[in-house]
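# Chain and residue survey
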Amino acid sequence: MKRFLMAGIAVAAAMASPAAAQTQPAQPQPGCDRSCLSGQMNRFLDALAARQPGRISFAVDARNTQNEMLVKPGDGLWATISGLKGYRHVLADPQTGEVAAFFNLEEQGEPVLAMARLKIAGSQIADSEILVVRNDGFLNAGQTQVNPDFLSVVPPAKRMTREQLIAITDTYFEAIEQGDGDVAPFHAKCNRVENGVQTTNNPQLAVPGANGPTQPMGCHDQIEAGVFNYITDISPRRYHIVDPERGLVFGVFRFRHDGTLTEVRGADGSVRPMIAAAKRPFDVQVSELFKIEDGQIKQIEAVMVELPYRTSDAFPGDNRP
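Residues numbered from 1 in each chain as written. Predicted model: local features only at pLDDT ≥ 70, side-chain atom pairs only at ≥ 80, totals over all residues. Heavy atoms only, no water.

What follows covers the nonpolar core. Counting 35 residues, the largest nonpolar core has Tyr 172, Phe 173, Ile 176, Phe 186, Phe 255, Phe 290 and Ile 297 as its most contacted members. Mapped by element, the contributors of at least two residues to this core are α5 (162-178), β7 (186-194), α6 (219-224), β9 (233-243), β10 (248-257), β13 (282-293) and β14 (296-307). Phe 186 has contacts with Tyr 172, Gly 181, Cys 219, His 220, Ile 223, Gln 296 and Ile 297, leaving out every residue within four places of it along the chain. Judged by nonpolar contacts, the second largest core, of 27 residues, contains Leu 37, Phe 58, Ala 62 and Ala 116. (Core = buried A, V, L, I, M, F, W, Y, C linked by side-chain atoms within 4.5 Å. Buried < 20%, exposed > 50% of the residue type's maximum accessible area, 1.4 Å probe, protein only. Helix = DSSP H or I, 4+ residues; strand = E, 2+ residues; numbered from the N terminus. Contact = heavy atoms within 4.5 Å.)

Over its 17 residues, α5 runs 25 Å from end to end, which matches the ideal 24 Å to within 8%, given 1.5 Å per residue. Buried within α5 we find Arg 162, Leu 165, Ile 166, Ile 168, Thr 169, Asp 170, Thr 171, Tyr 172, Phe 173, Ala 175 and Ile 176. Residue Gly 179 follows α5 closely and has a positive phi angle near 65 degrees. (Expected span 1.5 Å × (residues − 1).)

With that settled, the discussion passes to unusual backbone geometry. The omega angle of the peptide bond from Ser 235 to Pro 236 is 0 degrees, so this bond is cis rather than trans. Structurally, Pro 236 can be placed in strand β9. The backbone of Asn 195 shows a phi angle near 50 degrees, a positive value even though the residue is not glycine. Mapped onto the elements of the fold, Asn 195 is located in the loop between β7 and β8 (197-198).

Taking burial as the measure, the 12 residues of β13 include 11 buried ones, the bulk of the element. Bridge count for β10 against β13 is 10 bridges, and the pairing is antiparallel. Opposite Val 249, over in β13, you have Phe 290 as the bridge partner. The pairing of β13 with β14 spans 11 bridges and is classified as antiparallel. Along β14, the bridge assignment pairs Asp 283 with Leu 307. The turn linking β13 back onto β14 is made up of 2 residues, and Asp 294 within it adopts a positive phi angle of 50 degrees. (Pairing = 2+ DSSP bridges.)

Checked against the element boundaries, His 187 lands in strand β7. By relative accessible area, which is 16% here, His 187 ends up buried. When neighbours within four sequence positions are excluded, His 187 is seen to be in contact with Glu 293, Gln 296, Ile 297 and Lys 298.

Within the secondary structure, Met 160 sits in the loop between α4 (148-151) and α5. If sequence neighbours within four positions are ignored, Met 160 has contacts with Leu 165, Ile 168, Pro 244, Ile 292 and Gly 295.

To continue, consider the state of the cysteines. Summed over all chains, the structure comprises 2 disulfides. A sulfur-sulfur distance of 1.7 Å marks the disulfide that ties Cys 32 to Cys 36. Note on Cys 32: relative accessible area 13%, which makes it buried. In this structure Cys 36 comes out as partly exposed when scored by relative accessible area, which is 27%. Sulfur-sulfur distance for the disulfide between Cys 190 and Cys 219 comes to 2.1 Å. Residues Cys 190 and Cys 219 share a disulfide whose torsion about the S-S bond is about -80 degrees; that sign makes it left-handed. One end of the pair, Cys 190, is in strand β7; the other, Cys 219, is in helix α6, with 29 residues separating them in the sequence. Among the cysteines of the chain that take part in disulfides, numbered as they appear in the sequence, the pairing is 1-2, 3-4. (Disulfide = S-S within 2.5 Å.)

A few words now on the pattern of salt bridges. Going through the model one piece at a time under the given rule, you end up with 24 salt bridges. For Asp 283, the salt bridge identified is with Arg 256, shortest N-O distance 3.0 Å. One end of the pair, Asp 283, is in strand β13; the other, Arg 256, is in strand β10, and 27 residues separate them in sequence. For the residue pair Asp 283 and Arg 256, the accessibility class agrees, reading buried in each case. (Salt bridge = Lys/Arg side-chain N within 4 Å of Asp/Glu carboxyl O.)

As a further point, take empty space enclosed by the protein. Rolled over the atoms, a probe as big as a water molecule pinpoints where empty space is left. Looking at the second largest cavity, its volume works out to about 60 Å³. Every residue lining the second largest cavity is listed: Phe 44, Phe 58, Asn 64, Thr 65, Gln 66, Val 71, Pro 73, Trp 78, Ser 128 and Ile 130. Listed by contribution, the elements that provide at least two residues to the lining of the second largest cavity are β1 (58-66) and β6 (124-133). For the lining of the second largest cavity, the element with the highest residue contribution is β1, accounting for 4 residues. (1 Å grid on protein atoms, 1.4 Å probe; cavity = no way out; pocket = protein on both sides within 12 Å on 5 of 7 lines; lining within 4 Å. Points joined across faces, edges and corners; volume = space filled by probe spheres on them.)

Spatial relationships are all this shows, so hold off on functional conclusions.
This is how it looks when you write it as structure tokens:
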């Protein structure tokens, strides 16, 4: 994980068996409200921590993945989790019937950060998607508090529509693809946290060398400096959760890097060699949350994992505006 994150910033109870899980077909029912969806997520995480998938109900055709690979409930992280820790940030969208959470845990006693996304059909789980970030040198799994900006409520008169919030968020990816920070409306105090590490406006992460110390820069200036020029394409873009009351947008996005770029060209005309870690083909699956304030991107939180180049999408689809 350190390889792709540093490249992106410097240049940018006994376990129940899987068969024990309930697998009845999901029946159409009235949708869950935010409290109902949050309860579904909390029960899912509690079952995960207990290594007991049979405590929750999966639809017979449910898709369950971990780091983009299909995994049956009871396998993978279900069998290795040691327990949940103190960080849990739950996001819910009654209109889509989806709920997601950033949370930390221990796996075989080691600190881990993760994202879980559920799609609820009736009272059953139709999709469960987990991204697990293991400690390979660039991870802070010690969070305990949710950033207050994500919890603040937008005054009714200032609330934007779902479509407006998604459109603003999508400009972030367009700005990265185009290498133009002016494409997206960034708040003057915009900050980004990736895998628990603040990767903007953070002098302590400045990396000396050919690419220069770009970490102290903000969201806009990093793009202008060519930090993300090595990112070839961001597709698909799956928008799953929108919360107009809090100005939040959450989705899962595939960052593709073909490894062909050998130089970084900033908006000021400067040219720097690309670091070795980015001169190779690879993908990154990014679950990302955006806080929109006064029509501008103010906060970004992401949990992401590196994948082999052109890994197939377990949940195909692209619902960008």
